[in-house]
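Results of the structural survey
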Amino acid sequence: MNRQVRISVIHGPSLNLLGTREPTIYGSQSLTDIDARIKAHAELRHITVRVCQHNDEGHIIETIHEARNWADGIVINPGAYTHYSYAIRDALAAVGLPVVEVHLSNIHAREEFRSRSVTAPAAVGQISGLGAHGYLLAMDALQERIELATNESD
């Protein structure tokens, strides 16, 4: 039997305001609601998950670095840092873990500046525009990828 896959889920800036922050764009679910869905899905899929939210770049980078010591993969919604944080991009690349970038809204259908992600090149994939469900899909994709890699190395 395979060991449990371990995933770090990182929410970026202003996601703590979900539910009240521009609900026509981001929906009415709070971050607490989304985190509950993530944890319930992880339990069903036998995934160990740690979920956190940070508004500042330094804490996000520290969380990425810490994931290297315990996680098999990272799901990250970098928020606005998506568009300009080379520091987060470099941290994701440096830890050597598979990463899936998630966005609640379709960043490619919004303002032009939002369609550019400097963090996506450090990810194995990006899920955009599927709301909170995107986090669950990202976890499933990482679990499958990690289990396949583990089975191939056995």
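Structure's up top.
Here is a short report on the structure shown in this document.

Digging into the environment of Gln 4
With respect to the helices and strands, Gln 4 occurs in the segment before β1 (5-11). Residue classification places Gln 4 among the partly exposed positions, given a relative accessible area of 41%. Through-space distance from the C-alpha of Gln 4 to that of His 46 is 6.1 Å; in sequence the pair is 42 residues apart.

So, unusual backbone geometry
Unusually for a residue other than glycine, Ser 14 sits at a positive phi of about 70°. The exposure class of Ser 14 is partly exposed, given its relative accessible area of 27%.

Structural notes on the sheet that holds strand β3 (residues 73-77)
The strand order across the open sheet built from 5 strands is β2-β1-β3-β4-β5, with neighbouring strands paired in parallel fashion. Every interior strand has two partners, whereas the edge strands, β2 (47-53) and β5 (125-128), have only one. Strand-to-strand twist across the sheet, computed as the mean angle between neighbouring axes with direction ignored, equals 20°. On top of the sheet, helix α3 (residues 57-67) reaches β1, β2 and β3; it is set at about 175° to β1, its chief contact.

Notes on the pairing of strand β4 (residues 99-103)
With 5 of 5 residues buried, β4 is to be regarded as a mostly interior element. Alternating positions in β4 separate into two faces, Val 99, Glu 101 and His 103 on one and Val 100 and Val 102 on the other, with burial throughout. Inspection of the sheet shows β3 paired to β4 by 3 bridges, in the parallel sense. Residue Ile 76 lies in a different strand from β4, and its bridge partner there is Glu 101.

Cut-offs and rules
- Residues numbered from 1 in each chain as written.
- Predicted model: local features only at pLDDT ≥ 70, side-chain atom pairs only at ≥ 80, totals over all residues.
- Heavy atoms only, no water.
- Helix = DSSP H or I, 4+ residues; strand = E, 2+ residues; numbered from the N terminus.
- Buried < 20%, exposed > 50% of the residue type's maximum accessible area, 1.4 Å probe, protein only.
- Pairing = 2+ DSSP bridges.
- Axes fitted to C-alpha atoms, helices over the stretch in contact; angles between N-to-C directions.
- Contact = heavy atoms within 4.5 Å.

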